[in-house]
Amino acid sequence: DAEITQSPRHKITETGRQVTLACHQTWNHNNMFWYRQDLGHGLRLIHYSYGVQDTNKGEVSDGYSVSRSNTEDLPLTLESAASSQTSVYFCASSEAGRPMNTEAFFGQGTRLTVV
Amino acid sequence: RKEVEQDPGPFNVPEGATVAFNCTYSNSASQSFFWYRQDCRKEPKLLMSVYSSGNEDGRFTAQLNRASQYISLLIRDSKLSDSATYLCVVTSPTSGTYKYIFGTGTRLKVLA
């Protein structure tokens, strides 16, 4: 069965370290998204990609970067982790093209703590 | 102003009750609308799409009012297992394609 997986599921890191969260999907979806979820804010879009070599900034992109070298993967990098980046991170993917009733599928999330 | 707004709740209702959630969106160019369900510490999962004509799936009914830019979800005969956070989601066009914009979610707790 096709799926979308995130790793690691939990991570604790120190302030200032570079951290990369992995997202891998086997749906062959062109669209991939990274969100963070915090109490009171819901899911906020960090970065998104509509295909290989395409990346776009979302509403909370500062301090994060992504790269899309193949269809299956969209790793999220925190260049220099800050305590404000402690959060739950979700990756999602969806089919390209017309959005009508196109479901986004989510990974199980990565809980990141920056100490 | 947030692009998608929901009442965060919580809504505490007894089993068997009917409960309704509303959601408003600000971008008139939004194209598709969904309700997602999220259980505590889990990933969001699609509950149902929302069609202009309104649609029903068992105990759940979703409606869309494009003129007033709001979406609703009605849950009839609430079950304990309905306790979760319900996320309103719209797709916003961008760069020839689209992105998903989420509301902050409405928490529902169904009480025995």
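Residues numbered from 1 in each chain as written. Chains lettered and ligands numbered in written order. Predicted model: local features only at pLDDT ≥ 70, side-chain atom pairs only at ≥ 80, totals over all residues. Heavy atoms only, no water.

1. As for the overall build of chain A
- Secondary structure assignment for chain A yields zero helices and 11 strands.
- Going from the N terminus to the C terminus, chain A shows its helices and strands as β-β-β-β-β-β-β-β-β-β-β.
- Against the globule reference of 13 Å for 115 residues, chain A gives a C-alpha radius of gyration of 13 Å, in line with a compact fold.
- Considering only C-alpha atoms, chain A reaches an extent of 40 × 30 × 25 Å along its principal axes.
- With 115 residues in all, chain A has 50% of them scored as buried.
- Put simply, of all contacts in chain A between residues at least 6 apart along the chain, 53% involve residues at least 24 apart. (Helix = DSSP H or I, 4+ residues; strand = E, 2+ residues; numbered from the N terminus. Rg over C-alpha atoms; globule rule 2.2 N^0.38 Å. Buried < 20%, exposed > 50% of the residue type's maximum accessible area, 1.4 Å probe, protein only. Contact = heavy atoms within 4.5 Å.)

2. Comments concerning the pattern of salt bridges
All names here are of chain B.
- One pass over the full model with this rule turns up seven salt bridges over all chains.
- Linking Asp39 and Arg37 is a salt bridge whose minimum nitrogen-to-oxygen distance equals 2.8 Å.
- Between Lys79 and Asp77 there is a salt bridge, with its nearest N and O atoms 2.9 Å apart.
- For Lys79, a relative accessible area of 32% translates into the label partly exposed.
- Residue classification places Asp77 among the partly exposed residues on the basis of a relative accessible area of 36%. (Salt bridge = Lys/Arg side-chain N within 4 Å of Asp/Glu carboxyl O.)

3. Structural notes on the nonpolar core
- Ranked by size, the top nonpolar core spans 24 residues in total, and within it B:Phe21, B:Trp35, B:Ile71, B:Leu73, B:Ile75, B:Tyr86 and B:Leu108 carry the most contacts.
- Among the secondary structure elements, those contributing two or more residues to this core are strand E3 (19-25), strand E4 (33-38), strand E5 (45-50), strand E7 (60-65), strand E8 (70-75), strand E9 (84-94) and strand E11 (106-111) of chain B. (Core = buried A, V, L, I, M, F, W, Y, C linked by side-chain atoms within 4.5 Å.)

4. Here we look at the sheet that holds strand E1 (residues 4-6) of chain B
Residues and elements named next belong to chain B.
- Taken together, five strands build an open sheet; the order of strands is E1-E3-E8-E7-E6 and the sheet is antiparallel. The two strands at the open ends of the sheet, each matched to only one other strand, are E1 and strand E6 (55-57). Within this sheet the neighbouring strands show an average axis-to-axis angle of 20 degrees, counted without direction.
- Of the pairings in the sheet, the one linking E7 to E8 comprises six bridges and is antiparallel in character. Paired with Thr61 across the bridge in E8 is Leu74. (Pairing = 2+ DSSP bridges. Axes fitted to C-alpha atoms, helices over the stretch in contact; angles between N-to-C directions.)

5. A few points about the environment of A:Tyr35
- Checked against the element boundaries, A:Tyr35 lands in strand E4 (residues 31-38).
- Note on A:Tyr35: relative accessible area 1%, which makes it buried.
- The spatial distance from the C-alpha of A:Tyr35 to the C-alpha of A:Leu45 is 4.5 Å, given a sequence separation of 10 residues.
- Excluding anything up to four places from it in sequence, A:Tyr35 contacts A:Leu43, A:Arg44, A:Leu45, A:Ile46, A:Val88, A:Tyr89, A:Phe90, A:Ala92, A:Phe106, B:Tyr100 and B:Phe102.
- Side-chain polar atoms of A:Tyr35 contact the backbone oxygen of B:Tyr100, separated by 2.8 Å. (Polar contact = N/O pair within 3.5 Å; in protein donor to acceptor, adjacent residues only side chain to side chain.)

6. Re the packing of aromatic side chains
- Enumeration according to the criterion identifies 19 aromatic pairs over all chains in this entry.
- Where A:Phe106 meets B:Phe102, the ring centres are 5.6 Å apart and the plane angle is 80 degrees; that geometry is what we call edge-to-face. Highlighted residues: A:Phe106 in strand E10 (residues 105-106) and B:Phe102 in strand E10 (residues 97-102), drawn from two different chains.
- Its relative accessible area of 7% is what places A:Phe106 among the buried residues.
- When its relative accessible area of 7% is taken as the criterion, B:Phe102 is described as buried.
- Judged by centre distance (4.9 Å) and plane angle (45 degrees), the ring pair of B:Tyr25 and B:Phe33 falls under tilted. (Phe/Tyr/Trp six-rings, centres within 6.5 Å; stacked < 30°, edge-to-face > 60°.)

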